[in-house]
Amino acid sequence: MREVNALVLENKIIAEDVYSLTFSTKERLPIRCGQFCMIAVGARPLRRPIAVCKVDGECVTVCYRLKGEGTRALASDYHAGDSVTVLLPLGNGFYVKDGEKRVAVIGGGVGIFPLISAIREYGGKKEIAAYMGFRNKQAVCMEEEMRKNATLTIATDDGSVGYHGTAVEAFEKDFERFKPDVVLACGPTPMLRALKEAMKDKGIPVYVSLEERMGCGIGACLVCVCDKTNGAHARVCKDGPVFEIGEVAL
Amino acid sequence: MANLSVTLCGVELKNPVIPASGTFGFGREFDEIYDISCLGGVATKGLTPEMRLGNPVPRIAESRGVILNAVGLQNPGVESFIKNDLEWLKHKTRVVANVAGKTLEDYESICARLDGLVDFIELNISCPNVKSGGMAFGIKPESVEEVTRVAKSALKKTPLIVKLSPNVESIARNAQAAEKGGADCLSLINTLTGMAIDIERRKPIIANNTGGVSGAGIKPIAVRMVYEAAHAVSLPIIGMGGITCAEDAIEFLMAGATALQVGTQNFTDPLACPKIIEGLNAWCDRHGVKNIGELTGTLKLN
């Protein structure tokens, strides 16, 4: 992990309330898909943990939804040419094993962005089917990026485009046809719970990336813990954010 | 190059900067970012006799210039610390073992276990005392004195730091109570109790409802309390509360502190501690200060 004074290349809106920030770390860093970074926003005491979406040489793109003061300030105060302080890469990331050829990727909301990094990393090496859920047509973004390396099924809550329902439902309907060897997922907790239920007798590894309010982002402060099914706690920032779904209580 | 070393209770620190308990784990994670042997010491995550899982999440919130936390003393227990982390940390720097308990017996046993193994024991007395209806040990001067005395009686070798809570009637009286109980040193301030509300949900952001407030916004309160404590006792003081830079740290020294702890700023900037050490050196050089210890208690009131 490195503390980097990065250069903002672009910070633009890509869907309703969703922004894409690209910065140059000035040197190539070893960033895996599913890892995240801690971004300093002005003089706020806490950094914002945001998943890496794309890595292109020394250029890193993260996408975020306007949620509170910090993300709003990140959207309004950072422009091309500004510097932004970032600690990265953090967390474990997604790993797909050699024998796992067919990868199902299931995302909802801003959970699609860390999955895009996985689609990019394994695109061309694996067969990837992506099932991405959005509120409505206006919320859909980065469609072209996903289609480059995956067969994409879009699901919307209101049916305004694609499958009318959730990403997990769309995935379940397609399960027998695609027959995945492994599943990667990220999204709201109800979505992950539905996925856990849907996959409980399938005998296929399912890896989920979790989100939690963080302090340090590196595993020291024990703020962002999640419950494990064995009764212990895991640190989302350091032991995760990616966990095998059976390991964690959702 | 100024001499930044300070001596606390006969123990020399290479500089006065110590990351505060709860913000730095046992040092291993930050050591991946910089070599923590540059630090004056490390105050460990609060240790209890048995492992603790802590509070439900969310455990943290941000407000203007401050954060709130309610981790609830999650820690692997003192035996795990001794077995897995202590030797590693001792090779890096001075070890300030922060300890907590629910009963006087807890404090006694954990102090006895760590005596002679660490450089300092720092007593977290902001925990609820289960035998007195949950009121924290650190609130009333009588219980501050009692818990200090019990801890001190278990310590034959290691100096005892008592970490004072600011949520009290008189910081001076509690400082005196700790001194009377046998403390070798005081550290202050611990966090102030606060609340932050998510107005959309009409609920506190933190699962525990209230949390400890820390960060830049509490610094004036902390400096005032360090000043008051320093003038109430003859013990050395470790000052903390909202230190973000060397200039903040110098305020605490002038108010009466001999050493310093840096907490929340480790989250804001993971390189905060080494930057503050560098900044202290530069400030001393600019002001012709040869030994940083010369600054302690040099405040002149208007």
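Note that the structure is predicted; figures quoted are calculated from it, not measured.

A.B. asks: Go over the overall build of chain A, please, and point to the residues and values.
C.D. replies: From N to C terminus, chain A includes five helices and 15 strands. The C-alpha atoms of chain A give 17 Å as radius of gyration, which agrees with the globular expectation for 250 residues (18 Å, within 12%). Based on the C-alpha atoms only, the size of chain A along its principal axes is roughly 50 × 40 × 35 Å. The proportion of buried residues among the 250 residues of chain A is 50%. Put simply, of all contacts in chain A between residues at least 6 apart along the chain, 61% involve residues at least 24 apart.

A.B. asks: Please give an account of the overall build of chain B that cites residues and values.
C.D. replies: Per the secondary structure count, chain B includes 10 helices and 16 strands. Compactness check: chain B gives a C-alpha radius of gyration of 18 Å against a globular reference of 19 Å for 302 residues, within 12% of the reference. Its C-alpha atoms give chain B principal-axis dimensions of roughly 50 × 50 × 45 Å. Counting all 302 residues of chain B, 56% fall into the buried class. Within chain B, residue pairs in contact and separated by at least 24 positions form 70% of the contacts whose partners lie at least 6 positions apart.

A.B. asks: Got a sec to walk through unusual backbone geometry? Specific residues and values, please.
C.D. replies: Cis geometry marks the peptide bond from Val57(B) to Pro58(B); its omega dihedral reads -5°. Looking at the secondary structure, you find Pro58(B) in the loop between β4 (41-43) and β5 (60-63). Of note, the bond from Leu188(B) into Ile189(B) is cis; its omega dihedral lies within 30 degrees of zero at 10°. Within the element layout of this structure, Ile189(B) appears in the loop between β10 (185-188) and β11 (192-194). A positive phi angle, close to 70°, is found at Lys26(A), a residue other than glycine. Looking at where Lys26(A) falls in the secondary structure, it is placed in the loop between β2 (18-24) and β3 (36-39). With phi around 55°, Arg202(B) is a residue other than glycine that occupies positive phi space. Along the polypeptide, Arg202(B) turns up in the loop between β12 (197-198) and β13 (203-204). Using a count of 7 C-beta atoms within 10 Å as the deciding quantity, one classes Arg202(B) as exposed.

A.B. asks: Tell me what's going on with helix α5 (residues 141-153) of chain B, and back it up with residues and numbers.
C.D. replies: Residue and element names in this part refer to chain B. Here α5 contains 13 residues, and its C-alpha end-to-end distance of 18 Å stays within 8% of the 18 Å for a straight helix at 1.5 Å per residue. Along α5, the positions that sit buried rather than exposed are Pro 141, Ser 143, Val 144, Glu 145, Val 147, Thr 148, Val 150, Ala 151 and Lys 152. Where the residues of α5 are buried, they touch α4 (104-114), β8 (120-124), β9 (160-163) and α6 (171-181).

A.B. asks: For the pairing of β8(B), give the residues involved together with the corresponding values.
C.D. replies: Residues and elements named next belong to chain B. In terms of burial, β8 is a largely internal element, five of the five residues being buried. Neither face of β8 is open: one carries Phe 120, Glu 122 and Asn 124, the other Ile 121 and Leu 123, and all of them are buried. Both strand β7 (residues 94-99) and β8 contribute to a ladder of four bridges, which runs parallel. If you follow Asn 98 over to β8, its bridge partner there is Glu 122. As paired elements, β8 and β9 share four bridges and run parallel to each other. Note that in β9 the partner of Leu 123 across the bridge is Val 162. Once the chain exits β8 it traverses α5 before rejoining the sheet at β9, and the crossover so formed is right-handed.

A.B. asks: Tell me about the environment of Lys290(B), and name the residues and values.
C.D. replies: Residue and element names in this part refer to chain B. If you trace the backbone, Lys 290 turns up in the segment after α10 (272-286). Separated by 286 residues in the primary sequence, Lys 290 and Leu 4 place their C-alpha atoms 8.4 Å from one another. Not counting chain neighbours up to four residues away, the residues in contact with Lys 290 comprise Ala 2 and Asn 3.

A.B. asks: Pulling in residues and values, what's your account of the nonpolar core?
C.D. replies: Of all hydrophobic cores here, the largest spans 186 residues; its most connected members are Cys37(A), Val105(A), Leu186(B), Val226(B), Ala229(B) and Leu260(B). Both domains that meet at this core, namely domain 1 (2-90) and domain 2 (102-209) of chain A, each give it at least three residues. Setting aside chain neighbours within four positions, we find Val105(A) in contact with Leu115(A), Ala118(A), Ile119(A), Ile128(A), Ala130(A), Ala150(A) and Leu184(A).

A.B. asks: Outline the sheet that holds β4(B), listing residues and values.
C.D. replies: Residue and element names in this part refer to chain B. What the eight strands build is an open sheet, ordered β3-β16-β15-β10-β9-β8-β7-β4; its pairing is parallel. Lying at the two open borders of the sheet, with one neighbouring strand each, are β3 (17-19) and β4. On average, each strand axis in the sheet is tilted by 25° relative to the strand beside it, whichever way the strands run. The pairing of strand β15 (residues 237-240) with strand β16 (residues 259-262) spans three bridges and is classified as parallel. Across the sheet, the residue bridging to Ile 238 is Ala 259, located in β16. The sheet strands contacting helix α7 (residues 219-232) are β10 and β15, and the helix crosses β15 at an angle near 165°.

A.B. asks: Describe the domain arrangement of chain A, with residues and values.
C.D. replies: Residues and elements named next belong to chain A. By the assigned domains, chain A splits into domain 1 (2-90) and domain 2 (102-209). Listed by partner, the interface residues are 13 residues for domain 1 and 14 residues for domain 2. Elements with a minimum of two residues in the side of domain 1 that touches domain 2: β1 (2-15), β4 (48-56) and β5 (59-65). Looking at the side of domain 1 that touches domain 2 residue by residue, the classes come out as nine nonpolar, one polar and three charged.

A.B. asks: Before we move on, can you summarise the sheet that holds β5(A) with the specific residues and values?
C.D. replies: Residue and element names in this part refer to chain A. The strand order around the closed barrel built from six strands is β1-β2-β5-β4-β3-β6, with neighbouring strands paired in antiparallel fashion. For this sheet, the mean angle separating the axes of adjacent strands, direction not counted, is 45°. Note that β1 and β2 share seven bridges and pair antiparallel. Note that in β2 the partner of Ala 15 across the bridge is Val 18. On top of the sheet, helix α2 (residues 112-122) reaches β4 and β5; it is set at about 25° to β4, its chief contact.

A.B. asks: Describe in detail α10(B), supporting the description with residues and values.
C.D. replies: Residue and element names in this part refer to chain B. In this model α10 runs 21 Å from its N-terminal to its C-terminal C-alpha over 15 residues, within 8% of the 21 Å that 1.5 Å per residue would give. Contact partners of the buried residues in α10: β3, α8 (246-255), β16 and α9 (265-268). At the exit of α10 stands Gly 288, carrying a positive phi of roughly 65°.

What counts and what doesn't
- Every residue gets a number counted from 1 within its own chain, in the order that chain's sequence is written.
- Whichever chain is written first is A, and whichever ligand is written first is 1; the rest continue in order.
- Only residues with pLDDT of at least 70 get local features here, since the model is predicted, and only at 80 or more are side-chain atom pairs given and counted; chain-wide, interface and lining totals rely on the full set of residues.
- What counts as a helix is a DSSP run of H or I of at least four residues, what counts as a strand is a run of E of at least two, and both are numbered from the N terminus.
- Only C-alpha atoms enter the radius of gyration; for comparison, a globular chain is expected to reach 2.2 Å times N to the power 0.38, where N is the number of residues.
- Counting other C-beta atoms within 10 Å of a residue's C-beta gives its exposure: the residue is buried at 20 or more, exposed at 12 or fewer, and partly exposed in between, where C-beta atoms are placed from the backbone.
- Contact between residues is assigned whenever the C-beta positions, reconstructed from backbone atoms, fall within 7 Å.
- Multiplying 1.5 Å by the helix residue count minus one yields the expected span of that helix.
- A pair of strands is treated as paired once DSSP finds two or more bridges between them.
- For the handedness criterion, the strands are oriented away from the viewer, and a crossover whose path from the first strand over the helix to the second runs clockwise is classed as right-handed.
- For this entry, the nonpolar core is defined as buried Ala, Val, Leu, Ile, Met, Phe, Trp, Tyr and Cys residues connected by C-beta atoms within 7 Å.
- Source of the domain bounds: an automatic or database domain assignment.
- Note on geometry: axes are lines fitted to C-alpha atoms, helical ones only across the stretch in contact, with angles between N-to-C directions running from 0 to 180 degrees.
- In this classification, Asp, Glu, Lys and Arg are treated as charged, Ala, Val, Leu, Ile, Met, Phe, Trp, Tyr, Cys and Pro as nonpolar, and every other residue, Gly included, as polar.

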